[in-house]
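Structural characterization, general
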Amino acid sequence: MSTKATPKSSKTSKSNKGAQSVKHESDDSDSTEVISSSDEEDHWKETARSQELPADYYNIQKLVKYIKAGNPTATIVSLCCLKDYELKLPINQFAIQDIGGLEVLVNLLESNDLKCRLGALHILAEISMNSDIRKSILDLDGIPLLVKILSEPAVDLKTISAETIANVSKIRLARKHVRKCGGIPKLVDLLDVKMEYLTTPRNKLNEDQLEYLNMARAGAKALSSLSESRHNIEVVNMMSTCQQCATQPSYQLAITTEGMIPDIVGHLSSDDLELKMQCSRAIFKCANDKTASDLVRESNGLDPLVAIVKEKNYRENKPLIAAATGAIWKCAAIEKSVKQLDNLRTVQILVQLLNDENDEVLTNVVGAISECVRFQNNRETLRVTGGLPLIVNLLNGTHAPLLENCSKVLTECAKDPESMAILEEMDAVRLIWSLLKNPNPRVQAYAAYALCPCIENAKDSGDLVRSLVGAMELVVGLMKSTDTLVLSAVCSAIATIAKNKENLAILSDHKVIYMLADLVHTKDDLLRENLAAAIASCAPHGTNTQELGRLRTVTPIVGYMVSSNPRVHRTTAMALHRLSEDSQNCITMHQSGVVPFLLETVGSKDRELQEASAGCLQNIRKLALRAEEFTARR
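A few points about the overall build of the chain
A tally of regular secondary structure across the chain gives 42 helices and zero strands. Here the analysis covers contacts within the chain between residues at least 6 apart in sequence; of these, 72% occur between residues at least 24 apart. As displayed, the chain offers around 29,700 Å² of accessible surface, 49% of which is attributable to carbon and sulfur atoms.

Structure representation (structure tokens):
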């Protein structure tokens, strides 16, 4: 175990008469601060030296000697024993100090043994309530060690370190040292706990939840001590705390409802780049909510955000650019915001950032473009500004959120014939298909969704799919996924691929209908919608219709009609129409009570839903008529 030498210099000053003042210069104020023991403590020390000391005094000193010995086991046992003493008593604190125990405890903060550090911290947290001991910890260069521990993964270690910092930071110079060592951002990070931990009674929290709650409280306590410094208040600024808290939905709601958005927007025009960044981050986190996004636009927040991204002098400030592009991305989810962004020529500006090397910046830039290209004018803008090849090139990367956003952009662009021609020329479909092998489920899902318009709008979609070696096996293999979003996307892709007869035959050979049948009991509407579409596309081949009936898929699919989602109604009616080509399936549908639903949807304004419902009703009616004729002949 490493032990540290005695401190470089001892600044502790003792006096027989009254308190001895020690001046510490600080950049926090022009004044100085008196740091010493009180008159009572000095009087106690003199009395303690002149009288017979209690047994605990000598026992504590023996334990400190064992700790000094350097044997790890003896050290841990001694620290545990030391904790059992009433360390808030001045005489016990003096016993540790008088034998050089503080130096040993501070040195143990650098130990490789977690238990040694934890034991030393427990004692330091307890005895640092004493102002004289606070000063000694500062003089022993304990602050950098305490701050370093705040980056440790162990929650209990960070908690006790924060508590010790809270005590030591009653001294002005200690507050300065914590700031200089980068301790403030680390303490702010300790506040990032789930809101439910703060709102749930302590007796209902489990042990892990209590640990995180205690860590947050210790961090808050330390920040409270540090906030007595003017310079620290500037570092722990309102926007930094605000954007940290905005991670939690409840804080996002509070930021919106308490009218903070206009104030945040106002600070985007500040000359302080750090403040710009914090404000942009707060918007990034809050603008997922439509109300907050609308407030940003109504407060004229889009102009300064685009201005930040447009300013070439800011391009090297990656945190600022990432925050601003992220805010634009989230705001662009609203159509009115996209129209305003169009007036600011935002897509052209964002395309200039597609050569950036920072993954976070690229992810947010491509995310913002993906929202803008939902509209045809921006697809054209992306194409004519040369943005499409840059997006396709990004598919060769490995950053999962970026790949996800690239797929979203290409999903929209593939709907544009001229853009699709560029994608085919660049062999983009093959790159998108390769993303199905990515281990990240969201990348797999959005790649599968991107394939749908690519296949639909390719010049020869059937040949395109068959030219991709192993493509069908890869798609069918993803039907074994446990992720609902992946399953939904793959079903959508199968529904598109199966529109080609040759491709449908290959899919059928890969037993795709058995995998589709396994999913029919899902309660997820998105999966229901795409699953029904896939069944509608796959049913016409060979005996698939009869086999799907034998696999008992009909009754569960009829149950989809109770959904409140009209898109589910459309694809369900399409699937039922195909399945009703088999007489046994018609009987099952009738027994399952499908007719009232179809009578309602046949009057829909959705032409596809109307036609599919009518076709299914017709098949059921034909079967009923044949049954009546057969009965009459008998």
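Description of the nonpolar core
In this structure, Ile-283, Trp-433, Ile-494, Leu-516, Leu-531, Ile-535 and Met-589 are the most contacted members of the largest nonpolar core, which totals 133 residues. Counting residues per element, this core draws most heavily on helix 30 (residues 441–457), which supplies ten residues. Not counting chain neighbours up to four residues away, the residues in contact with Ile-535 comprise Leu-516, Val-520, Leu-548, Ile-557, Ala-575 and Leu-579. By size, the runner-up hydrophobic cluster in this structure holds 59 residues, among which are Leu-63, Leu-109, Ala-218 and Leu-223.

Description of the side chain of Asp-356
One can find Asp-356 in the loop between helix 23 (346–351) and helix 24 (359–372). According to the relative accessible area criterion, Asp-356 is buried, its value standing at 13%. Separated by 2.8 Å, the side chains of Asp-356 and Lys-318 make a polar contact. Leaving out residues up to four positions away in the same chain, Asp-356 has contacts with Lys-318, Val-361 and Leu-362.

What to know about the confidence of the model for the chain
For the chain, mean pLDDT is 85; residues scoring 70 or higher make up 86% of the total. Considering only residues more than four positions removed or in separate chains, one finds that residues 1–38, a stretch of pLDDT under 50, has 86 contacts.

Let's talk about the pattern of salt bridges
In the structure shown here, the tally under the stated rule is 22 salt bridges. Overlapping salt bridges, with partners in common, bring together Lys-290, Asp-294 and Arg-297 in one network.

Quick word on the packing of aromatic side chains
The description of two aromatic rings rests on the distance between their centres and on the angle between their planes. Counted under the stated rule, the structure contains four aromatic pairs. Arranged with centres 5.3 Å apart and planes meeting at 80 degrees, the rings of Tyr-57 and Tyr-58 form a pair that is edge-to-face. Judged by relative accessible area, which is 4%, Tyr-57 ranks as buried. Given the relative accessible area of 44%, Tyr-58 is considered partly exposed. Plain terms: the ring middles of Phe-284 and Trp-329 are 6.2 Å apart, the flat faces sit at 35 degrees to each other, and that makes the pair tilted. One end of the pair, Phe-284, is in helix 18 (residues 273–286); the other, Trp-329, is in helix 21 (residues 318–331), with 45 residues separating them in the sequence.

Focus: the packing of helix 18 against helix 21
It is the contact of helix 18 with helix 21, at a shortest axis distance of 8 Å, that shows an interaxial angle of 30 degrees. As summarised for this structure, helix 18 and helix 21 are arranged roughly parallel, according to the angle between their axes. Here helix 18 runs over helix 21; the crossing is left-handed. Listed contacts from helix 21 to Leu-273, Lys-276, Met-277, Ser-280, Arg-281, Ile-283 and Phe-284 of helix 18 are Pro-319, Leu-320, Ala-323, Ala-324, Gly-326, Ala-327, Trp-329, Lys-330 and Cys-331. Taken together, the residues of the contact of helix 18 with helix 21 sort by class into eleven nonpolar, two polar and three charged.

Regarding helix 33 (residues 484–497)
Over its 14 residues, helix 33 runs 20 Å from end to end, which matches the ideal 20 Å to within 8%, given 1.5 Å per residue. Of all 14 residues in helix 33, 13 are buried, a share of seventy percent or more. Between the side-chain oxygen of the N-cap and the backbone nitrogen of Leu-485 there are 2.9 Å, and the N-cap of helix 33 in question is Asp-483.

Things to note about helix 3 (residues 72–83)
Under the 1.5 Å per step criterion, the end-to-end length of helix 3 is 17 Å for twelve residues, consistent within 8% with the ideal 16 Å. Of all the residues in helix 3, the buried ones are Thr-75, Ser-78, Leu-79 and Leu-82. The buried residues of helix 3 all sit within an arc of 100 degrees when viewed along its axis, so they share a single face. Next to the buried residues of helix 3 lie helix 2 (55–68), helix 4 (90–98), helix 5 (101–108) and helix 6 (114–127).

Details of the layout of surface pockets
In this model, the largest pocket occupies a volume close to 990 Å³. Forming the walls of the largest pocket are 36 residues, and the residues nearest its centre are Glu-456, Ser-492, Thr-496, Lys-499 and Ala-533. Looking at the lining of the largest pocket, the elements with two or more residues in it are helix 24, helix 27 (400–413), helix 30, helix 33, helix 34 (501–509), helix 36 (525–538), helix 39 (566–579) and helix 42 (607–633). The element best represented in the lining of the largest pocket is helix 36, accounting for six residues. Class assignment of the residues belonging to the lining of the largest pocket gives a composition of 14 nonpolar, nine polar and 13 charged.

As for the environment of Leu-187
On the secondary structure map, Leu-187 appears in helix 11 (residues 183–189). Spatially, the C-alpha atom of Leu-187 lies 7.3 Å from that of Leu-150, the residues being 37 residues apart in sequence. Discounting chain neighbours no more than four positions away, the residues touching Leu-187 are Leu-150, Ala-162, Ile-165, Val-178, Gly-219, Ala-222, Leu-223 and Leu-226.

Some words on unusual backbone geometry
Unusually for a residue other than glycine, Asn-300 sits at a positive phi of about 60 degrees. The topology assignment puts Asn-300 in the loop between helix 19 (290–298) and helix 20 (302–310).

Points about the packing of helix 27 against helix 30
It is the contact of helix 27 with helix 30, at a shortest axis distance of 8 Å, that shows an interaxial angle of 15 degrees. Between helix 27 and helix 30, the angle falls in the class roughly parallel. Remark: the crossing between helix 27 and helix 30 carries left-handed chirality. On helix 30, the residues that touch Ala-400, Leu-403, Glu-404, Ser-407, Lys-408 and Thr-411 of helix 27 are Arg-442, Val-443, Tyr-446, Ala-447, Tyr-449, Ala-450 and Pro-453.

Description of the state of the cysteines
In the structure shown here, the tally under the stated rule is zero disulfides. Unpaired in this structure, Cys-538 has its nearest cysteine sulfur neighbour in Cys-491, at a distance of 8.9 Å. We note that Cys-616 lacks a disulfide partner, and the nearest cysteine sulfur, in Cys-586, lies 6.5 Å from it. The buried category is assigned to Cys-616, whose relative accessible area is 0%.

A few points about the side chain of Glu-547
Structurally, Glu-547 can be placed in helix 37 (residues 544–550). At 2.9 Å, the side chain of Glu-547 forms a polar contact with the side chain of Tyr-514. For Glu-547, the residues in contact, after removing those within four places along its chain, are Ile-513 and Tyr-514.

Conventions and cut-offs
- Residues numbered from 1 in each chain as written.
- Predicted model: local features only at pLDDT ≥ 70, side-chain atom pairs only at ≥ 80, totals over all residues.
- Heavy atoms only, no water.
- Helix = DSSP H or I, 4+ residues; strand = E, 2+ residues; numbered from the N terminus.
- Contact = heavy atoms within 4.5 Å.
- Areas by Shrake-Rupley, 256 points an atom, 1.4 Å probe, with all protein chains shown as cover.
- Core = buried A, V, L, I, M, F, W, Y, C linked by side-chain atoms within 4.5 Å.
- Buried < 20%, exposed > 50% of the residue type's maximum accessible area, 1.4 Å probe, protein only.
- Polar contact = N/O pair within 3.5 Å; in protein donor to acceptor, adjacent residues only side chain to side chain.
- pLDDT = per-residue confidence, 0-100.
- Salt bridge = Lys/Arg side-chain N within 4 Å of Asp/Glu carboxyl O.
- Phe/Tyr/Trp six-rings, centres within 6.5 Å; stacked < 30°, edge-to-face > 60°.
- Axes fitted to C-alpha atoms, helices over the stretch in contact; angles between N-to-C directions.
- Parallel < 35°, antiparallel > 145°, perpendicular 65-115°, else oblique.
- Left-handed = near helix turned anticlockwise from the far one by under 90°.
- Nonpolar A, V, L, I, M, F, W, Y, C, P; charged D, E, K, R; others polar.
- Expected span 1.5 Å × (residues − 1).
- Arc of directions from axis to C-beta.
- 1 Å grid on protein atoms, 1.4 Å probe; cavity = no way out; pocket = protein on both sides within 12 Å on 5 of 7 lines; lining within 4 Å.
- Points joined across faces, edges and corners; volume = space filled by probe spheres on them.
- Disulfide = S-S within 2.5 Å.

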